[in-house]
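Structural description and commentary
The chain contents come next:
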Amino acid sequence: MAAPAVGKRVLDTGWLAARSTDVALTGVQLTTTQPPAAADPAAPWMSAAVPGTVLGTLLKNELIPDPFYGLNNQAIVDIADAGREYYTFWFFTTFQCAPSGNQHVTLNFRGINYSAEMYLNGHKQVIPKGMFRRHTINITDILHPDGNNLLAVLVHPPDHPGRIPPQGGQGGDHEIGKDVATQYVEGWDWICPIRDRNTGIWDEVSVSITGPVNITDPHLVSTFHDDFKRSYLHCTLQLENKSSWIADCELKVQVSTELEGNICLMEHLQSYSITVPPQSDMQYTIPPLFFYKPNLWWPNGMGKQSLYNVEVSVDVKGFGESDSWNHYFGFRKIESTIDDSTGGRMFKVNGEPVFIRGGNWILSDGLLRLTKERYMTDIKFHADMNFNMLRCWGGGLAERPDFYHFCDVYGLMVWQEFWITGDVDGRGIPVSNPNGPLDHDLFLLCARDTVKLLRNHASLALWVGGNEQVPPVDINRALKNDLKLHPMFACNQASNSQEKYLSEESTDPSQYLDGTRVYVQGSMWDGFANGKGDFTDGPYEIQYPESFFKDSFYKYGFNPEVGSVGVPVAATIRATMPPEGWTIPIFKKRIDGYTEEVPNPIWDYHKFIPYSKPGKVHDQIELYGHAKDLDDFCEKAQLVNYVQYRALLEGWTSFMWTKFTGVLIWKTQNPWTGLRGQFYDHLQDQTAGFYGCRCAAEPIHVQLNLASYFIEVVNTTADKLTDVAVQISVWDLDGASPYYKVTEKIVVPPKKVKQIMEMKYPKMKDAKPVYFLLLKLFRLSDNAILSRNFYWLHLPGNDYKLLAQYQQKNIPLKIYSEVSVSGTKHKVRMTVENKSKKSIAESTRSVSTIELGNGSDSHNTGKETPQDGNGDGSLWRKICGGLGIARSSDNLRTLEVTGTDSGVAFFLHFSVHTSGSSSTAQEKYRDTRILPVHYSDNYFSLTPGEKTTVEISFEAPLGSSPRVVLRGWNHHLDHAVMI
């Protein structure tokens with residue numbers, strides 16, 4: 001048998017699992033004489049989810065109902081009632097590996113929750129406790145000579161899984177805090193309890209084959225000089241010689257970057273001679289590599305996310321290549337200090353201040369079904385919202401390398417917290433675990449190993465000790481020491497000091513555990529909230545939109561958590577709940593005039609946040625009239641979602657650098673089918689709040705201050721905004737424009753918000769009670785639109801009930817489509833034009849029509865054409881619709897929707913579906929949506945004469961016939977493009 005190649009092989013298929021109490025055999029027997037049959041496993045063995053959890057395995061085999069559907073979770077046995085043995089499981093697989101005489105093999109577990117015993121070919125190895133630590137086991141001497149290896153792993157749940165009190169609560173009874181594990185699993189006010197507490201082999205398992213010498217945990221650091229013109233790449237790594245002889249090595253470092261057209265440019269190729277003593281480890285620091293004006297990595301909205309591929313390999317004399325390692329690396333410098341003027345924490349990247357607008361991240365999936373594909377969608381969604389930071393909340397995960405890779409790619413800075421929460425660790429009700437986890441050494445071991453795992457990612461911006469709490473004194477002290485900044489990264493060091501540290505015999509920055517990022521002891525300390533640890537984050541409920549613009553709304557410079565509502569679209573409710581969950585809340589009118597929303601039991605279990613706050617905020621859905629049914633309720637909820645979250649971010653941005661340095665929304669998504677605080681649901685369909693955020697967080701933005709009614713222009717970029725003006729137009733429900741104005745030329749300095757003028761229409765004598773406002777920031781030289789913002793508004797004391805009759809409007813539309821298909825990947829360009837007639841005055845004074853899909857998405861791929869370029873019948877289907885005429889012209893398809901009314905085409909939104917109906921009388925609800933889908937914009941409105949282009953991309957199931965459907969507040973014909 002030929003010797004296997006040096007490298008890593010991931011073991012992610014062919015696993016079996018069984019409950020330990022159902023298996024009478026020992027680990028030795030399972031991995032020698034009596035292994036389970038892999039091809040056709042007999043009970044109690046079943047196909048396993050690895051990486052994954054016990055619950056994920058049981059669900060995969062349909063042995064439990066989907067815990068995230070309806071009230072199913074209540075029917076699943078909790079570990080507190082069944083005992084730890086119930087969720088103690090065997091995991092079994094086989095793999096081929098027969099190394100040659102000079103090769104060495106390790107078995108690697110990147111994450112096990114919580115402890116385990118590993119058996120390989122009859123040999124036992126105890127895998128110690130700790131959810132957030134890697135395990136590397138040298139298995140060279142116990143591999144089977146014929147290459148057929150049997151592996152069994154007995155996985156035990158956390159030592160203190162806890163019990164869920166009848167009233168629920170934040171982290172259940174807090175017992176989970178005694179372990180070094182994720183804490184959300186006992187339930188929170190946004191998630192149900194996870195019955196197995198995420199027990200399982202939850203992260204990657206692999207086998208690594210090396211020669212005599214292997215490479216461990218290289219640390220990459222970039223330093224800068226002369227205003228970022230000169231840069232050095234530093235690298236320190238561990239070399240281990242497992243052989244019994246001296247290894248004469250050649251260490252090679254290769255740095256390349258990808259240019260246009262998949263061409264790679266080699267920036268560096270260096271080699272170094274090293275001698276490693278037998279049976280020893282040694283640390284080696286590579287001489288710094290010089291770069292002149294490297295392409296810098298920037299956060300989303302500030303520039304390109306340039307990444308270099310750094311490859312390190314070691315050749316051993318007499319053997320050849322012994323080991324190799326590679327990582328994508330971004331040249332960038334992140335600094336963080338407390339801003340003197342606001343008291344908020346400020347971040348700078350490459351010397352430029354970054355106004356933080358982002359969100360709190362829990363984890364992608366509560367059963368830890370963490371795939372590269374899901375991570376890519378998750379992170380791209382956040383970039384599409386124009387966010388620039390994600391906070392990995394301390395009750396969740398130390399996120400995985402795949403998460404960080406996509407944050408690197410899409411420019412999301414990451415705040416990574418360690419596993420401390422105030423609710424569980426000393427500040428909750430009842431107070432418990434005041435000294436944090438029982439094993440402080442284990443906590444620190446996991447923390448240090450996590451730092452080594454993640455520190456090379458450009459997106460990682462800071463470490464934080466805990467959520468709404470600081471770690472115990474000894475842990476906090478150790479983390480401060482371990483993560484102290486290298487002198488070259490201390491903000492008070494001038495550039496000449498950097499030269500000194502580079503030239504003198506000082507510690508290379510790559511020799512630090514990290515040393516390049518700030519460590520903050522807690523999420524409400526040192527520039528976050530009031531900076532003193534008092535509970536001064538939040539609130540977490542519905543607000544009047546204008547409240548966000550008031551100086552009194554929030555006192556402190558950086559709010560790490562502020563949240564609100566998050567009901568998804570009706571299709572998601574139907575797909576995740578039985579029919580009894582399709583009942584909308586009861587609207588109870590109180591004696592004080594406020595409305596209380598009373599949800600059904602399923603919505604209550606799924607943590608629904610009402611759209612009213614009796615005593616403080618009147619019901620925001622009832623502003624649009626009484627909700628008749630689920631579809632009506634969810635459509636009105638999307639209107640509120642859009643307004644609520646656009647106002648939140650616009651309100652914070654209105655005080656950019658004068659009062660605030662940043663804000664993080666609690667929270668951006670749900671790891672289950674929850675009904676609060678989300679911009680896309682667990683099925684990965686976006687709410688309208690997603691697009692409200694996308695609008696508000698544009699780097700260059702025009703907005704209406706809802707408290708003062710002054711129009712403002714926001715410039716978050718480093719460049720002065722010149723030669724621009726704002727067009728202001730008001731549209732009434734009859735399709736007329738009673739108010740129109742274009743400002744004089746304006747100039748907006750970098751990093752500033754400029755107040756332009758008051759929007760006086762509401763003060764006019766004949767102002768309509770409900771009206772639309774369209775703001776366009778455009779360049780005077782060519783009329784190019786830099787920002788467009790569309791509002792629906794009512795006069796003080798009024799509501800939006802007049803919009804109900806607006807649903808009966810029949811607005812003429814013209815819809816163009818272009819489609820590109822490559823295998824299962826589809827890209828569709830949809831252009832929608834409002835064909836309502838405009839008056840002569842309106843048509844001559846208006847700025848050129850918008851193209852929202854062009855250039856507004858920094859990650860879109862532009863116009864696509866069919867692969868064969870012919871647009872023939874094999875690729876194209878007819879455009880279908882209830883009314884209108886479809887005609888074709890090569891790649892372009894056009895649909896004209898007839899209509900006799902004039903006015904705004906309001907709240908239009910696309911969705912993508914498979915063919916077939918959503919339900920029948922005999923079957924349960926069938927969700928026809930194809931998910932996820934990336935839209936360059938959605939939930940948009942068009943005034944008469946306007947048109948916009950929306951880029952749509954998705955992957956369709958094999959054999960499906962996708963169709964793109966357009967619906968809207970006053971567009972109900974379900975016109976669809978068949979692909």
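This is a predicted model, so every value here is computed, not measured.

**With respect to helix α5 (residues 401-410)**
The buried fraction of α5 is high, at 7 of 10 residues. Taken together, the buried positions of α5 are occupied by P401, F403, Y404, F406, C407, D408 and Y410. Buried-residue contacts for α5 involve β21 (356-361), α4 (372-384), β22 (389-392), β23 (413-417), α6 (440-454) and β24 (460-464). Just beyond α5, the residue with positive phi is G411, at close to 85 degrees.

**Points about the packing of aromatic side chains**
Scanning all chains against the criterion turns up 63 aromatic pairs. Aromatic side chains F355 and W657 sit 5.7 Å apart centroid to centroid with 75 degrees between the ring planes, which places their arrangement in the edge-to-face category. Highlighted residues: F355 in the loop between β20 (352-354) and β21 and W657 in the loop between α11 (630-654) and β29 (662-666), separated in sequence by 302 residues. Each member of the pair, F355 as well as W657, carries the same accessibility label: buried. A cation over an aromatic ring shows up here: R574 above the ring of W582, its NZ or CZ 5.5 Å from the ring centre.

**Description of the packing of α11 against helix α12 (residues 688-696)**
Between α11 and α12, the shortest axis-to-axis distance is 7 Å and the interhelical angle comes to 30 degrees. By the angle between their directions, the pair α11 and α12 is classed as roughly parallel. Relative to α12, the crossing made by α11 is right-handed. Seen from α11, the contacting residues are Q638, N641, Y642, Y645, R646, L649 and E650; seen from α12, they are A688, G689, Y691, G692, C693, C695 and A696. Classifying every residue of the contact of α11 with α12 gives 8 nonpolar, 4 polar and 2 charged.

**Here's the deal with the pairing of β29**
For β29, a buried count of 5 out of 5 residues is recorded, marking the element as mostly surrounded by other parts of the structure. Residues G662, L664 and W666 of β29 are buried on one face, and the alternating residues V663 and I665, pointing to the opposite face, are buried as well. Summarising the sheet, β21 and β29 pair through 4 bridges and their orientation is parallel. Following the sheet pairing, G359 is matched in β29 by I665. Alignment of strand β26 (residues 558-563) against β29, held across 4 bridges, turns out to be parallel. Looking at β29, one finds that V562 is bridged to I665.

**A look at the side chain of Q620**
Note that Q620 resides in the loop between α10 (601-605) and α11. Polar contacts involving the side chain of Q620 include one to the main-chain carbonyl oxygen of H618, which spans 2.9 Å. When neighbours within four sequence positions are excluded, Q620 is seen to be in contact with I542, Y544, P545, Y611 and V640.

**Considerations on the sheet that holds strand β35 (residues 752-758)**
Read across the open sheet, the 3 strands follow the order β30-β31-β35; overall the sheet is antiparallel. In this open sheet, the two edge strands, each paired with only one partner strand, are β30 (700-704) and β35. Each adjacent strand pair in this sheet contributes to an overall mean axis angle of 20 degrees, direction not counted. Of the pairings in the sheet, the one linking β30 to strand β31 (residues 710-715) comprises 5 bridges and is antiparallel in character. Within β31, the residue paired with V702 across the bridge is V713. Where α11 meets the sheet, it contacts β30, β31 and β35, and its direction lies at approximately 105 degrees from that of β30.

**Describing the domain arrangement of the protein chain**
Its domain assignment divides the protein chain into domain 1 (7-210), domain 2 (213-329), domain 3 (334-493 + 506-697), domain 4 (700-807) and domain 5 (813-840 + 887-978). One C-alpha centre belongs to domain 1, the other to domain 4, and the line joining them spans 56 Å.

**Remarks on the environment of H135**
Inspection of the secondary structure assignment puts H135 in strand β8 (residues 135-138). Spatially, the C-alpha atom of H135 lies 49 Å from that of E635, the residues being 500 residues apart in sequence. If we skip the residues at most four places from it in the chain, H135 touches L107, N108, F109, I127, P128 and G130.

**A word on the UniProt feature "domain: Mannosidase Ig/CBM-like" (unreviewed entry) in the protein chain**
Under the UniProt annotation, "domain: Mannosidase Ig/CBM-like" (unreviewed entry) lies at residues 712-794. Secondary structure across residues 712-794 comprises 0% helix and 59% strand; the distance between its end C-alpha atoms is 20 Å.

**Thoughts on the pattern of salt bridges**
Inspection of the entire model under this criterion finds 38 salt bridges. For K380, the salt bridge identified is with D384, shortest N-O distance 3.1 Å. On the criterion of helical spacing, the pair formed by K380 and D384 is a turn pair, its members being 4 residues apart in helix α4. Residue K380 shares its accessibility class with D384, and that shared class is buried.

Each value, and the rule that gives it
Residue positions within a chain follow its written sequence, with the count starting from 1. Under the rules for a predicted model, residues below a pLDDT of 70 receive no local features and side-chain atom pairs below 80 are neither given nor counted, while totals for whole chains, interfaces and linings still include all residues. Side-chain numbers here rest on the full set of heavy atoms in the structure, without hydrogens or water. Only protein chains enter the accessibility calculation, which uses a 1.4 Å probe; a residue is then buried when its area is under 20% of its type maximum, exposed when over 50%, and partly exposed in between. Helix numbers and strand numbers start at the N terminus; a helix is a DSSP run of H or I with at least 4 residues, a strand a run of E with at least 2. Note on contacts: a residue pair qualifies if any of its non-hydrogen atoms lie within 4.5 Å across the two residues. For Phe, Tyr and Trp, rings pair up if their centres lie within 6.5 Å, where Trp contributes its six-membered ring, and each pair is then called stacked (planes under 30 degrees apart), edge-to-face (over 60) or tilted (otherwise). Whether a charge sits over a ring depends on NZ of Lys or CZ of Arg being within 6 Å of the ring centre and within 35 degrees of the ring normal. For helices, the axis comes from a line fit to the C-alpha atoms of the stretch in contact; other axes are also lines fit to C-alpha atoms, and the angle between any two N-to-C directions lies between 0 and 180 degrees. Angles are sorted into four bins: roughly parallel if under 35 degrees, roughly antiparallel if over 145, roughly perpendicular if 65 to 115, and oblique for all others. Whether a crossing is left-handed or right-handed is set by the direction in which the near helix is turned from the far one by less than a right angle, anticlockwise for left-handed and clockwise for right-handed. Each residue is assigned to one class: nonpolar for Ala, Val, Leu, Ile, Met, Phe, Trp, Tyr, Cys and Pro, charged for Asp, Glu, Lys and Arg, and polar for all the others, Gly among them. In this analysis, strands are considered paired if DSSP registers two or more bridges between them. In the analysis that follows, any N or O atom pair within 3.5 Å is treated as a polar contact, provided that within protein one partner can donate a hydrogen and the other can accept it, and provided that, for residues neighboring in sequence, both atoms belong to side chains. These domain boundaries are the output of an automatic or database domain assignment. UniProt positions are given in the numbering used here, feature names are shortened, and annotations may be inferred rather than shown by experiment. Any carboxyl oxygen of Asp or Glu that lies within 4 Å of a side-chain nitrogen of Lys or Arg is treated as forming a salt bridge with it.

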